[in-house]
Amino acid sequence: MTPDHPPPPVLRRSLVAHGWSDDELARACRSGTLSRVRRGAYVDGPVPSDAAVRHRQLVQATVAGLRRPAVVSHESAAVLHGMTTWGLRLGRVHVTRRPPASSDASRTLRCHVASLSDDETVLVDGLAVTDVTRTALDLARSVPLEVAVVVLDTALAQRLVQREDLDAGLARLAGTRGSRRAARAVALADGRSESVGESRSRVLLHRLGLAPSGLQHPVHTADGVLVGRADFVSETERLLGEFDGRVKYGRLLRPGQDPGDAVFEEKRREDAMRAEGWGMVRWTWDEIDGAMATRVGRALRLRLRRGN
């Protein structure tokens, strides 16, 4: 097993069958030899620090203890598929049962009731799980728009799902609860987004009526030489937008290069794009919900006032 896929939890009933007593289990937990994933389920050593890995173990333990079969879905399916978990709540295991089952919720389990076709389920680690398309759309129906777009952008960028699959899935879900919300998220989704910060920025810009006209825009000299590429572009105003995440500079680093050199090269790239008549506005993660909108709006107005 890899660190991201540690051995599944062992249930109490199995340990008892092999001679463990409840007192021994309690002592093993106190000493750190075992850790309890949930009531009646244990793993060797400490519980993993990674939230997605912990949730995977919680899913395995919970599904193993279900009295009636169910399909792992929503946030839990996203974890099993290796999809992004940004903004997702991983405290409870999500499963779906077909009608006429009834919905149910507890501290560790959320049971949804919905129609599921056989081709919308797959096996992951031996568990029945909604496929990536249905998982993405179920999340788009139930989580905030910003989170849904992050999930969809990342799935498209990683080629876990295709646009036509999302459109076909939406058609099947038409008229169901949350389908309009999902359709809005799919309409905004774009696999060209390269980070969570870019996806979040784009959602807010759309919401404020400042939507860019394009993403990952290349800037060339008059001779056709590529001088740079910007995260966002408003072509009419000849304004470029850049989300500055720390990860970006990490991606720019070449072997043996330090972060200061990468920042210097990024500055030279920006200067080269400005020299071609483009304006530039930048923002950071902490500014997405605040200063970004003000800065972009002001830059657009200035570009229009000056006639670009």
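The structure presented is a predicted model; accordingly, all values stated were derived computationally and were not measured.

Draft legend 1. How the structure looks around the overall build of the chain. Per the secondary structure count, the chain includes 12 helices and 13 strands. The C-alpha extent of the chain, read off along each of the three principal axes, is 80 × 50 × 30 Å. The 308 residues of the chain split such that 47% are buried. Within the chain, contacts between residues separated by at least 24 positions form 54% of all contacts whose residues are at least 6 apart in sequence. Per element, the accessible surface of the chain, about 16,500 Å² overall, is 50% carbon and sulfur.

Draft legend 2. Layout of the sheet that holds strand 12 (residues 239-244). The strand order across the open sheet built from four strands is 10-11-12-13, with neighbouring strands paired in mixed fashion. Lying at the two open borders of the sheet, with one neighbouring strand each, are strand 10 (214-220) and strand 13 (279-284). Here the strands of the sheet are splayed against their neighbours by 45 degrees on average, with no regard to which way each runs. As defined by bridge partners, strand 10 adjoins strand 11 (residues 226-234) across six bridges and the pair is classed as antiparallel. Paired with V219 across the two strands is G228, which belongs to strand 11.

Draft legend 3. Representation of helix 9 (residues 196-207) within the structure. Compared with the 16 Å implied by 1.5 Å per residue over 12 residues, the 17 Å span of helix 9 between its first and last C-alpha is a close match. Of all 12 residues making up helix 9, nine are buried, and the element is well covered by its neighbours. Within helix 9, burial applies to G197, E198, S199, R200, S201, R202, V203, L204 and L205. In the stretch just after helix 9, G209 is the one whose phi turns positive, near 75 degrees.

Draft legend 4. Up close: the side chain of T133. Positionally, T133 belongs in helix 5 (residues 132-142). On the basis of relative accessibility, which here comes to 12%, the residue T133 falls in the buried class. Excluding anything up to four places from it in sequence, T133 contacts V161, D165 and L166.

Draft legend 5. Just the packing of helix 6 (residues 145-157) against helix 8 (residues 179-188), in detail. The N-to-C vectors of helix 6 and helix 8 enclose an angle of 50 degrees; their axes lie 9 Å apart at closest approach. Looking at the two axes, helix 6 sits oblique to helix 8. Once helix 6 is placed against helix 8, the crossing between them reads as right-handed. On helix 8, the residues that touch L145, A148, V149, L152 and D153 of helix 6 are R184, A185, V186 and L188. When its residues are assigned to classes, the contact of helix 6 with helix 8 shows seven nonpolar, no polar and two charged.

Draft legend 6. Structural view of unusual backbone geometry. Here P99 and P100 are connected by a cis peptide whose omega angle stands at 15 degrees. Looking at where P100 falls in the secondary structure, it is placed in the loop between strand 5 (93-97) and strand 6 (104-105). A positive phi angle, close to 50 degrees, is found at H74, a residue other than glycine. You will see that D125, though not glycine, has its phi angle at about 50 degrees, which is positive. Note that D125 resides in the loop between strand 8 (121-124) and strand 9 (127-130). Residue D125 is classed as partly exposed on the basis of its relative accessible area of 46%.

Draft legend 7. Structural view of the environment of R39. Tracing the sequence through the fold places R39 in the loop between strand 2 (34-38) and strand 3 (41-44). Judged by relative accessible area, R39 falls into the exposed class, the value being 74%. Placed 22 residues apart in sequence, R39 and A61 show a C-alpha to C-alpha distance of 9.1 Å.

Draft legend 8. Seen up close, the pairing of strand 11. Two successive antiparallel strands, strand 10 and strand 11, enclose a turn made up of five residues, where G224 displays a positive phi of approximately 90 degrees. Here strand 11 pairs with strand 12 via three bridges, running antiparallel. Residue S234 lies in a different strand from strand 12, and its bridge partner there is L239. A loop of four residues connects strand 11 with strand 12, the two strands running antiparallel in sequence, and R238 in this loop sits at a positive phi of about 50 degrees.

Draft legend 9. Spotlight on the nonpolar core. In this structure, M83, L88, L152, L166 and A185 are the most contacted members of the largest nonpolar core, which totals 29 residues. Broken down by secondary-structure element, the contributors of at least two residues to this core are helix 4 (74-81), helix 5, helix 6, helix 7 (163-173) and helix 8. Broken down by element, this core gets its largest block of residues, eight residues, from helix 6. Excluding residues within four positions of it along the chain, M83 makes contact with A78, V132, T135, A136, V151, A155 and L160. With 19 residues, the next largest nonpolar core counts L11, V43, A61 and V93 among its residues.

The rules behind these values
Residues numbered from 1 in each chain as written. Predicted model: local features only at pLDDT ≥ 70, side-chain atom pairs only at ≥ 80, totals over all residues. Heavy atoms only, no water. Helix = DSSP H or I, 4+ residues; strand = E, 2+ residues; numbered from the N terminus. Buried < 20%, exposed > 50% of the residue type's maximum accessible area, 1.4 Å probe, protein only. Contact = heavy atoms within 4.5 Å. Areas by Shrake-Rupley, 256 points an atom, 1.4 Å probe, with all protein chains shown as cover. Pairing = 2+ DSSP bridges. Axes fitted to C-alpha atoms, helices over the stretch in contact; angles between N-to-C directions. Expected span 1.5 Å × (residues − 1). Parallel < 35°, antiparallel > 145°, perpendicular 65-115°, else oblique. Left-handed = near helix turned anticlockwise from the far one by under 90°. Nonpolar A, V, L, I, M, F, W, Y, C, P; charged D, E, K, R; others polar. Core = buried A, V, L, I, M, F, W, Y, C linked by side-chain atoms within 4.5 Å.

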